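Inside the fold
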Amino acid sequence: MNTYSNSDYAALVLRVSSGALFLAHGLLKVNVFTIAGTVAFFESLGLPALLAYLTIVAEIGGGIALIFGVATRLVSAALIPVLL
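Description of the structure in this document. (Residues numbered from 1 in each chain as written. Predicted model: local features only at pLDDT ≥ 70, side-chain atom pairs only at ≥ 80, totals over all residues. Heavy atoms only, no water.)

Tallied over the full model, the rule gives 1 aromatic pair. Look at F41 and F42: their rings are 6.4 Å apart centre to centre, the planes differ by 80°, and that puts the pair in the edge-to-face class. Of the residues examined, F42 reaches a relative accessible area of 11% and is grouped as buried. (Phe/Tyr/Trp six-rings, centres within 6.5 Å; stacked < 30°, edge-to-face > 60°. Buried < 20%, exposed > 50% of the residue type's maximum accessible area, 1.4 Å probe, protein only.)

Okay, the pattern of salt bridges next. What the rule picks out here adds up to 1 salt bridge. A salt bridge links E59 to K29; the shortest N-O distance between them is 3.2 Å. Residue E59 is found in helix α3 (residues 49–68), and its partner K29 is found in helix α1 (residues 6–31); the two are separated by 30 residues along the sequence. You'll find E59 and K29 in the same group, each marked buried. (Salt bridge = Lys/Arg side-chain N within 4 Å of Asp/Glu carboxyl O. Helix = DSSP H or I, 4+ residues; strand = E, 2+ residues; numbered from the N terminus.)

On to the packing of α1 against α3. Orientation of α1 relative to α3, taken along the N-to-C sense of each, is 150°, at an axis distance of 7 Å. Judged by the inter-axis angle, α1 sits roughly antiparallel to α3. As for the relative orientation of α1 and α3, their crossing is left-handed in sense. Here R15, V16, S18, G19, A20, F22, L23, H25, G26, L27, K29 and V30 of α1 lie close against α3, whose contacting residues are T55, I56, E59, I60, G63, I64, L66, I67 and F68. (Axes fitted to C-alpha atoms, helices over the stretch in contact; angles between N-to-C directions. Parallel < 35°, antiparallel > 145°, perpendicular 65-115°, else oblique. Left-handed = near helix turned anticlockwise from the far one by under 90°. Contact = heavy atoms within 4.5 Å.)

Take α3 next. With 20 residues, α3 ought to run about 28 Å at 1.5 Å a step, and its terminal C-alpha atoms sit 29 Å apart, in line with that. For α3, the full list of buried residues reads A52, T55, I56, E59, G62, G63, A65 and L66. After α3 finishes, the residue G69 shows a positive phi value of roughly 75°. (Expected span 1.5 Å × (residues − 1).)

Okay, a nonpolar patch on the surface next. On the surface, I35, F41, L45, L47, L50, L51, Y53 and L54 cluster together to form a nonpolar patch covering roughly 750 Å² of accessible area. Listed by contribution, the elements that provide at least two residues to the nonpolar patch are α2 (35–44) and α3. Within the secondary structure layout, L47 lies in the loop between α2 and α3. Assessed through its relative accessible area of 33%, L47 is described here as partly exposed. (Patch = residues over 30% accessible without salt bridge, like charges linked within 9 Å, V, L, I, M, F, W, Y side chains within 5 Å. Areas by Shrake-Rupley, 256 points an atom, 1.4 Å probe, with all protein chains shown as cover.)

Structure, rendered in structure tokens:
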């Protein structure tokens, strides 16, 4: 007997779609803007270069973790500063 509710399916869709968006943003920073270009942009805003690297790692790693459902609550909480 299937005990999944509509809210379980909704959570799955939201988790996978959020993970895909984070992964897309991270890969955009690597493949299109290049890592050096992303670092230069962050520095032009007055932010430290290390923050660019951390953002790339968080978006790619967090996106993959959300898609596969690994530590979803912890990963989601860790990605909040990236959204802000």
